[in-house]
Amino acid sequence: GEPALGIAKGNVRDIPLLVGANAEEANLFLNGLTLPKAGYEQIVEFMFGKHSAEVLKLFPSGTDDNTASTLSKLFTINDFIAPARFLAGAYSSLKSDSFLYNFSRSGPGNPLGACHGSELPYVFGNFDKSLGYDDADFRLSSAMMNYWTSFARTGNPNSDGLPEWPVYSKEKDELLQFSERIKVEKGLCGKACDLAEEIRVKPLRKI
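My aim in this report is to walk through the structure given alongside it, one point at a time. Please read all numbers here as calculations on a predicted model, not as lab measurements.

### A closer look at the pairing of strand 1 (residues 17-22)
Looking along a regular strand, one sees side chains alternate from face to face of the sheet. Most of strand 1 is tucked away, with five of its six residues classed as buried. Taken together, the six bridges between strand 1 and strand 2 (residues 98-103) define a ladder with parallel strand orientation. Considered in strand 2, the bridge of Leu17 is made with Ser98.

Below you can see the structure in the form of structure tokens.
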């Protein structure tokens, strides 16, 4: 069957979940792309059909001759941030908890920002100062490794000395934002994520 439909119905393993996305995921895949306004609008029309006007309202092409950055933002939310939120929300009816995050720290010397995979050096701590990382990066990495290992051990990422990572719920829509500072953020990209679910998941409920 359709996996998204099963997830929407709560048909997932009842085990703790840690899930999230990066703030500029699609920059990695669209690097070097030059896209005029007309080309961007054609892509939106092709991808979203009858929902194109709603998508363009949230992600307008504007007057820039190169709209690749707008397309990257659209892809990032539609294909990474919204699915992560949707998956975390599916656990609301289960006994197990889910924990949602967003990673927005731009590493040194990376023109693509917080793109796909840029969180990995922080999660595994495999960088050093010779690469340009500073004390803020090391603090962030240490915190992330603590969250991840605590989650692996106990099913809960929280431990003493770190900002509280709230359990995800659809009602509060809170996640933990990993940047130079770690903080709880509410309703990240809420309207765009709601629209993504409207487009992708609602039709499946009729199957």
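Let us keep going from here.
### Quick word on helix 6 (residues 135-154)
An α-helical turn contains 3.6 residues, so any two residues separated by three or four positions project in the same direction. An ideal rise of 1.5 Å per residue puts 28 Å on 20 residues; helix 6 measures up with 28 Å between its terminal C-alpha atoms. When we look at burial in helix 6, the residues that qualify are Ala136, Asp137, Leu140, Ser141, Ala143, Met144, Tyr147, Ser150 and Phe151. Looking at the packing, one finds that the buried side of helix 6 touches strand 1, strand 2, helix 5 (120-124), strand 3 (174-178) and strand 4 (182-186). With its phi angle positive at about 85 degrees, Gly155 sits one or two positions after the end of helix 6.

### Focus on the sheet that holds strand 3
Within the open sheet, the four strands sit side by side as 1-2-3-4. Their pairing is mixed. Each edge of the open sheet is held by one strand with a lone partner, namely strand 1 and strand 4. Direction aside, the axes of adjacent strands within the sheet are offset by 30 degrees on average. As defined by bridge partners, strand 2 adjoins strand 3 across three bridges and the pair is classed as parallel. Note that in strand 3 the partner of Tyr101 across the bridge is Leu176. Docked against the sheet, helix 4 (residues 68-89) engages strand 1 and strand 2, running at close to 165 degrees with respect to strand 1. Lying over the sheet, helix 6 contacts strand 1, strand 2, strand 3 and strand 4, oriented at roughly 140 degrees with respect to strand 3.

### Digging into the pattern of salt bridges
Evaluated as defined, the whole model comprises eight salt bridges. Linking Arg85 and Asp173 is a salt bridge whose minimum nitrogen-to-oxygen distance equals 3.5 Å. In this pair, Arg85 is assigned in helix 4 and Asp173 in the loop between helix 6 and strand 3, connecting sequence segments 88 residues apart. Accessibility classification places Arg85 together with Asp173 in one group, the buried group. Close ionic contact of Lys129 with Asp135 constitutes a salt bridge, the shortest N to O distance being 3.3 Å.

### Remarks on the packing of helix 2 (residues 37-48) against helix 4
At a minimum axis separation of 11 Å, helix 2 and helix 4 run at an interaxial angle of 20 degrees. Classed by the angle they form, the pair helix 2 and helix 4 counts as roughly parallel. Relative to helix 4, helix 2 is oriented so that their crossing is left-handed. Between helix 2 and helix 4, the residues in contact are Tyr40, Ile43, Val44, Met47 and Phe48 and Thr70, Leu71, Leu74, Phe75 and Asn78, respectively. Here the residues of the contact of helix 2 with helix 4 sort into eight nonpolar, two polar and no charged.

### Some thoughts on the nonpolar core
By size, the foremost hydrophobic cluster in this structure holds 20 residues, and its most contacted members are Tyr40, Val55, Phe59 and Leu74. Contributions of two or more residues to this core are made by helix 2, helix 4 and helix 7 (190-200). Considering each element in turn, this core owes the most residues, six residues, to helix 4. Excluding residues within four positions of it along the chain, Val55 makes contact with Val44, Phe48, Leu74, Leu195 and Ile199. Formed by 18 residues, the second largest nonpolar core is a distinct cluster that contains Leu18, Val123, Ala143 and Met144.

Criteria and cut-off values
Residues numbered from 1 in each chain as written. Predicted model: local features only at pLDDT ≥ 70, side-chain atom pairs only at ≥ 80, totals over all residues. Heavy atoms only, no water. Buried < 20%, exposed > 50% of the residue type's maximum accessible area, 1.4 Å probe, protein only. Helix = DSSP H or I, 4+ residues; strand = E, 2+ residues; numbered from the N terminus. Pairing = 2+ DSSP bridges. Expected span 1.5 Å × (residues − 1). Contact = heavy atoms within 4.5 Å. Axes fitted to C-alpha atoms, helices over the stretch in contact; angles between N-to-C directions. Salt bridge = Lys/Arg side-chain N within 4 Å of Asp/Glu carboxyl O. Parallel < 35°, antiparallel > 145°, perpendicular 65-115°, else oblique. Left-handed = near helix turned anticlockwise from the far one by under 90°. Nonpolar A, V, L, I, M, F, W, Y, C, P; charged D, E, K, R; others polar. Core = buried A, V, L, I, M, F, W, Y, C linked by side-chain atoms within 4.5 Å.

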